[in-house]
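Report on the structure
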Amino acid sequence: MSRVRGVLIVVLSVITLAGCGGGTGQTQDQGSGSGAGSGQQSGSARRPPGEKVTIRVPADAPTISAAVSVAQQGDLVLVAPGTYHETVRITTPKVTVRGESRDKVIIDGQLQQPNGIVVTAPGVAVENLTVRGNTQNGVLVTGSVKAADGEPGDGGYDTGDEPVRFLESFLVSHVTATRNGLYGIYAFSARNGVIEQSYASGGADSGIYVGQCKPCHVVVRDNVAEYNAVGIEGTNASGEMYFVRNRIVGNRVGLTTGSDHQEKLLPQVGAVVAGNLIADNQQSATPEQADGGWGIGVGIDGGSGNQIVNNRISGNVNAGVVLTATQDLPPNNNRIQNNTFTGNALDVGWTFPTTTKGHDNCLSGPTTRTIPTNLTTTTPCPDTPSSQPSGEPSNPSSTPSSTPSSTPSSGAPSTPSSGVSGGRVVSPSGAWKGPIPPRGIPFTEVVAPPAQPQYPAATTTGATTVPATPALPQSLKNN
């Protein structure tokens, strides 16, 4: 479920998840299977001889799963246009699954299967296709056996006493994930990976999610997330965790990073949110989730040591950035700096309604309204050299216009509280009345995605080599 619990129970009312409708699709191929095998033939699937070969669907195998079942390390499974009703399980390392056409290769769960693609092997690339209509996740990348099996918990994020086991290295690129019952693209207990150039909409919990990794070494970059309950989430995702140059527009809540007791590796520490466009996140034609959240650009919920820098945060009718605690986990040492705020009801709000208080958080850069007032004066960020780039989001002028269906209250903030405790500066706290969230819609009724950019030379490029460790944004490291 959404991880902005502390922010949104305080600020807004709790809303339950809307019901889900039906889905239809034409069948090109049917099947399911796991990519554990090797060899030249398996049933009706045929692997061409040699190393690092291309297995074509349906020419060499009738289903994607059948092709994956005979794939060996370094192979490319290249999928022709069609609608495929199957769960593709990839358990062979260093296999690439790529569609010939991003918009015309569709893995459709028809609301009959939990996941579209499940990756449990390292070095796998998933590219240039669409996943839709799954009851849980479009693409799941995980080292957790229980998460891969969808238990325990809805979608596998609560894995009980299972020891933490990471999947090492992954790539999800040019994937369209739409109308899925939990997450569009879900990296859980996985690290050293990249999610890029993808589009996520209609996620009943969130469009893109990274959870339970430390250190993560994960980059979420150049994606579009819209019409989700939450656009992009990071929960218990710590250490070299980057959300950069994404367009997060028209969700109920834009982006959250924080801590949650339902996952291991508490608390969340050390994410970078930079160069993103985070705008107009009060879309009513979205799934009703986010624990009642609506109208928030960025939420930090019990996370610490995060950098929210050089983003364009605009038109959010509750608040641009909200900082709060989650249960017994305070947000500490978060830096909100050099962002461009425009048209938000409240640019930055800090609220600690319980005895759990944050400390040593700071805010610098132009703002119009904060709660408590004058945060840039009372809690400025230290003057330290910064090599952070401007991080201009791609195509910012394409922000869709939106008219909020309710107007936030202009109620005065409560008297802020602040002080010094044990040598630490306790962050001041205030309160405000946010707008009443409108009813949402079932995730199955979210607007269909527009055509998306294709993977370059999808049919002529060989398998993708996924690095053991991704290239990280160097100018953002250690700042």
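The residue numbers shown here count from 1 along each chain, following its written sequence. At least 70 in pLDDT is required for a residue's local features to be given in this predicted model, at least 80 for side-chain atom pairs to be given and counted, and no such filter applies to totals for whole chains, interfaces and linings, which use all residues. Side-chain metrics rest on all non-hydrogen atoms present in the structure, leaving aside hydrogens and water.

This part covers the overall build of the chain. Secondary structure follows DSSP: runs of H or I at least 4 residues long count as helices, runs of E at least 2 residues long count as strands, and numbering of each begins at the N terminus. The secondary structure content of the chain amounts to four helices and 37 strands. Burial classes: relative accessible area under 20% of the type maximum marks a residue as buried, over 50% as exposed, and values in between as partly exposed (1.4 Å probe, protein chains only). A total of 479 residues make up the chain; the buried ones form 60% of that total. The contact criterion used throughout is that any non-hydrogen atoms of two residues lie within 4.5 Å. Within the chain, contacts between residues separated by at least 24 positions form 71% of all contacts whose residues are at least 6 apart in sequence. Carbon and sulfur atoms provide 51% of the accessible area of the chain, an area that totals close to 16700 Å². Here the open area of atoms and residues is found with the Shrake-Rupley method and a 1.4 Å probe, where only the protein chains shown may cover a residue.

What counts as a salt bridge is simple: a side-chain nitrogen of Lys or Arg found within 4 Å of a carboxyl oxygen of Asp or Glu. Per the stated rule, a full pass over the model turns up 10 salt bridges. One salt bridge in this structure joins Asp-108 and Arg-132, with 3.2 Å as the shortest N-O distance. Within this pair, whereas Asp-108 is found in strand β10 (residues 105-108), its partner Arg-132 is found in strand β12 (residues 124-132), the two being separated by 24 residues in sequence.

Right, let's talk about the state of the cysteines for a bit. By definition, disulfides here are pairs of cysteine sulfur atoms that lie within 2.5 Å. Applying the stated rule across the entire model yields two disulfides. Through a disulfide, Cys-213 is tied to Cys-216; the S-S separation comes to 2.0 Å. Across the disulfide from Cys-213 to Cys-216, rotation about the S-S bond amounts to roughly 85 degrees, and the bridge is consequently right-handed. On the basis of relative accessible area, Cys-216 is assigned to the buried category, the value being 0%. At a sulfur-sulfur separation of 2.2 Å, the disulfide partner of Cys-362 is Cys-381. Around the S-S axis, the bridge from Cys-362 to Cys-381 shows a dihedral of about 90 degrees and counts as right-handed. Of this pair, Cys-362 sits in strand β34 (residues 362-364) while Cys-381 sits in the loop between α4 (375-378) and β36 (417-421), placing them 19 residues apart in sequence. For the chain, numbering the cysteines in disulfides from first to last along the sequence yields the connectivity 1-2, 3-4.

So, about the side chain of Thr-130. Structurally, Thr-130 can be placed in strand β12. When its relative accessible area of 7% is taken as the criterion, Thr-130 is described as buried. What qualifies as a polar contact is a pair of N or O atoms within 3.5 Å, subject to a donor-acceptor requirement within protein and to the restriction that residues adjacent in sequence count only when both atoms come from side chains. Side-chain polar atoms of Thr-130 contact the backbone oxygen of Arg-102, separated by 2.8 Å. Residues contacting Thr-130, with those up to four places away along its chain left out, are Arg-102, Asp-103, Val-105, Ile-106, Ile-107 and Thr-176.

On to the pairing of strand β27 (residues 296-301), then. Among the six residues of β27, six are classified as buried, and the element is accordingly described as predominantly covered. In this analysis, strands are considered paired if DSSP registers two or more bridges between them. Relative to β27, strand β24 (residues 253-258) runs parallel, the two being bridged by five bridges. Note that in β27 the partner of Gly-258 across the bridge is Asp-301. Pairing of β27 with strand β30 (residues 319-324) involves five bridges; the strand directions are parallel. Within β30, the position partnered with Ile-296 by the bridge is Ala-319.

Once that is clear, we can look at the side chain of Asn-228. Considering the arrangement of structural elements, one finds Asn-228 in the loop between β20 (224-225) and β21 (230-237). A distance of 3.0 Å separates the side chain of Asn-228 from the backbone oxygen of Ala-200, its partner in a polar contact. Beyond its immediate sequence surroundings of up to four residues, Asn-228 is in contact with Ala-200, Ser-201, Gly-202, Gly-203, Ser-206, Gly-207, Asn-251, Arg-252, Thr-286 and Pro-287.

In this section: the pairing of strand β16 (residues 190-196). The buried fraction of β16 amounts to seven of the seven residues, a majority that puts the element mostly inside the structure. Note that β16 and strand β19 (residues 218-221) share four bridges and pair parallel. Opposite Gly-193, over in β19, you have Val-218 as the bridge partner.

Counting through the fold element by element, Thr-96 comes out in strand β9 (residues 96-99). Among the residues examined, Thr-96 registers a relative accessible area of 0% and is labelled buried. Along the sequence, Thr-96 and Val-466 sit 370 residues apart, while their C-alpha atoms lie 9.2 Å from each other. Ignoring any residue separated from it by four or fewer positions in sequence, one finds Thr-96 in contact with Asp-75, Leu-76, Val-77, Ala-125, Glu-127, Ala-463 and Thr-464. Here the side chain of Thr-96 touches Thr-464 through a polar contact of 3.0 Å, landing on its backbone nitrogen.

Any residue range with low pLDDT should be treated as having predicted coordinates unsuitable for detailed reading. Chain-level statistics for the chain give a pLDDT mean of 85 and a share of 80% at 70 or above. Ignoring residues within four places in sequence, the model shows residues 1-39, a span with pLDDT below 50, making 140 contacts including any to other chains. Every residue gets a pLDDT, meaning the predictor's confidence in that residue, from 0 to 100.

Further remarks concern the nonpolar core. Formed by 70 residues in total, the largest nonpolar core has its most connected members in Ile-64, Val-77, Ile-90 and Ile-117. Those residues within four positions of Ile-117 in sequence are excluded, and the remaining contacts are Val-88, Ile-90, Ile-107, Val-126, Leu-129, Val-131, Gly-138, Val-139 and Leu-140. What makes a nonpolar core is a set of buried Ala, Val, Leu, Ile, Met, Phe, Trp, Tyr and Cys residues whose side-chain atoms join them at distances within 4.5 Å. In this structure, Val-219, Val-272, Ala-274 and Leu-472 belong to the second largest nonpolar core, which totals 11 residues.

Of note, Lys-94 is situated in the loop between β8 (88-90) and β9. A sequence separation of 18 residues divides Lys-94 from Leu-76, and the C-alpha atoms of the two residues are 9.2 Å apart. In this structure, Lys-94 is in contact with Gln-73, Gly-74, Asp-75, Pro-122, Gly-123 and Val-124, ignoring residues within four places of it in sequence.

Our next topic: the environment of Val-53. Topologically, Val-53 is positioned in the loop between β4 (45-46) and β5 (54-57). Separated by 20 residues in the primary sequence, Val-53 and Gln-73 place their C-alpha atoms 9.5 Å from one another. Look past the residues within four positions of Val-53 in its chain and what remains in contact with it is Arg-47, Pro-48, Asp-75 and Leu-76.

Pairing of aromatic rings covers Phe, Tyr and Trp, the last through its six-membered ring, and needs centres within 6.5 Å; plane angles under 30 degrees mean stacked, over 60 mean edge-to-face, and all others mean tilted. All told, the structure shown has four aromatic pairs when counted by the stated rule. Ring centres of Tyr-186 and Phe-188 lie 5.7 Å apart, and the angle between their planes is 45 degrees; this geometry places the pair in the tilted category. There is no split in this pair, since Tyr-186 and Phe-188 are both buried.

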